[in-house]
Amino acid sequence: MGVGTAGGVTGILGAALFSAKNFLNPTSNPEFYSHHEITPKGGLFTDWKTDEDGNEVNECSFWNATHYYAPRVCDVFGVSRISISSGNKAIDRAIKCGARFEAQCILSGEIGFSSPAAFVYDSEQGFRMILAPRVIENETPVATKLVRLQDPSERAHNTLMKFNTSVTIEYINPGNRAVVVETLSGSEAYCVQTLRASVSPSCWLELD
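Residues numbered from 1 in each chain as written. Predicted model: local features only at pLDDT ≥ 70, side-chain atom pairs only at ≥ 80, totals over all residues. Heavy atoms only, no water.

A.B. asks: Tell me about the overall build of the chain, residues and numbers included.
C.D. replies: What the chain contains, in helices and strands, is 5 helices and 11 strands. For the chain, with 208 residues in total, the buried portion stands at 51%. (Helix = DSSP H or I, 4+ residues; strand = E, 2+ residues; numbered from the N terminus. Buried < 20%, exposed > 50% of the residue type's maximum accessible area, 1.4 Å probe, protein only.)

Here's what the structure looks like:
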């Protein structure tokens, strides 16, 4: 997922415009016609091809806002049991995908990781994983912006969505399984809200 600005619209996939509440509240999500199972054959990861040295070759495919991802691991117990090595493998895939397409927001479904997670990039930490983020309601109103979701691979049309400019979330740190509460703003907030929009509402009902 690419993030940038264009004219009067802030940009991060066509032509539908939804309100921010659709992505924060799983019971009011837009009802896409199809659900895409990330790992229909089971497991936590889809298979990626490897090079002659046995390293995975990037095969990420960006969300086009026409379907939901249906992750296999979508409950609190299962998410809490994801190993550090699996977390590192997911981050490594996000790094490959981000480097290939110069993207700073990667969704778990885009890299074949079958649990809901957003991977956000910053210059100090590189890519970090925000696993199973639960949105904490704000006590006061938050400003919203139109966000253009761009497919860095240029295979899909852009989509406009209306997101909160900041969001407070609770999520699991895959490194130590600690629960983290953090307020995100700008592109990181948009990335998490895009993840919430891309994953089946039934998954969030299990996790929230």
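A.B. asks: Which residues make up the confidence of the model for the chain, and what are the values?
C.D. replies: The predicted coordinates of low-pLDDT regions are not to be read in fine detail. Mean pLDDT for the chain: 84, with 83% of residues reaching 70 or above. Between the elements of the chain, mean pLDDT differs from a low of 37, seen in strand β1 (residues 4-6), to a high of 96, seen in strand β5 (residues 105-107). This stretch, residues 3-28, has a pLDDT under 50; its non-local contacts, to residues over four places away or in other chains, come to 85 contacts. (pLDDT = per-residue confidence, 0-100. Contact = heavy atoms within 4.5 Å.)

A.B. asks: A description of the pattern of salt bridges should follow, citing residues and the corresponding values.
C.D. replies: Scanning all chains against the criterion turns up 7 salt bridges. Between Glu56 and Arg93 there is a salt bridge whose closest N-O contact spans 2.8 Å. Here Glu56 is found in the loop between β3 (34-37) and β4 (67-70), whereas its partner Arg93 is found in helix α3 (residues 84-101), with 37 residues between them in sequence. This pair shows no difference in class: Glu56 is buried, exactly as Arg93 is. The network of salt bridges with common partners includes Glu56, Lys89 and Arg93. (Salt bridge = Lys/Arg side-chain N within 4 Å of Asp/Glu carboxyl O.)

A.B. asks: Explain the sheet that holds strand β10 (residues 166-172) residue by residue, including any values.
C.D. replies: The antiparallel open sheet is built from 5 strands, whose spatial order is β5-β6-β7-β10-β11. Edge positions in the sheet fall to β5 and β11 (179-185), since each of these pairs with one other strand and no more. Ignoring strand direction, the axes of neighbouring strands in this sheet form an average angle of 40 degrees. Summarising the sheet, β5 and strand β6 (residues 117-122) pair through 3 bridges and their orientation is antiparallel. Each residue of the ladder has a partner; that of Ile106, found in β6, is Phe119. (Pairing = 2+ DSSP bridges. Axes fitted to C-alpha atoms, helices over the stretch in contact; angles between N-to-C directions.)

A.B. asks: Report on the packing of aromatic side chains, specifying residues and quantitative values.
C.D. replies: According to the stated counting rule, one finds 5 aromatic pairs in the structure shown. Relative to Phe113, the ring of Phe45 lies with its centre 5.2 Å away and its plane at 35 degrees, an arrangement referred to as tilted. Here the residue Phe45 occupies a position in the loop between β3 and β4, and Phe113 occupies one in the loop between β5 and β6, the gap between them amounting to 68 residues. Comparing Phe45 with Phe113, the two get one shared label, buried. Here Phe62 and Phe101 contribute two aromatic rings whose centre-to-centre distance is 5.2 Å and whose plane-to-plane angle is 80 degrees, an arrangement assigned as edge-to-face. Of this pair, Phe62 sits in the loop between β3 and β4 while Phe101 sits in helix α3, placing them 39 residues apart in sequence. (Phe/Tyr/Trp six-rings, centres within 6.5 Å; stacked < 30°, edge-to-face > 60°.)

A.B. asks: Outline the layout of surface pockets, listing residues and values.
C.D. replies: Roughly 210 Å³ of internal volume is contained in the largest pocket. Lining the largest pocket are 14 residues, with His36, Glu59, Ser61, Gly109 and Glu110 sitting closest to its centre. Split by residue class, the lining of the largest pocket holds 5 nonpolar, 6 polar and 3 charged. (1 Å grid on protein atoms, 1.4 Å probe; cavity = no way out; pocket = protein on both sides within 12 Å on 5 of 7 lines; lining within 4 Å. Points joined across faces, edges and corners; volume = space filled by probe spheres on them. Nonpolar A, V, L, I, M, F, W, Y, C, P; charged D, E, K, R; others polar.)

A.B. asks: If you had to explain the state of the cysteines to someone new, which residues and values would you point to?
C.D. replies: Using the criterion set out here, one finds 3 disulfides in the structure. Covalently, Cys60 is tied to Cys97 through a disulfide, its sulfur atoms 2.2 Å apart. An S-S torsion of about 80 degrees defines the bridge between Cys60 and Cys97 as right-handed. Of this pair, Cys60 sits in the loop between β3 and β4 while Cys97 sits in helix α3, and the two are 37 residues apart along the sequence. For Cys60, a relative accessible area of 6% corresponds to the buried category. Residue pairing for Cys74: its cysteine sulfur links by disulfide to Cys203, the two sulfurs lying 1.6 Å apart. Measuring the twist about the S-S bond at about -95 degrees, one finds the Cys74-Cys203 disulfide to be left-handed. Here Cys203 lies in helix α5 (residues 201-207) and Cys74 lies in the loop between β4 and α2 (76-80), a separation of 129 residues in the sequence. A single burial state applies to Cys74 and to Cys203, both of which are buried. (Disulfide = S-S within 2.5 Å.)

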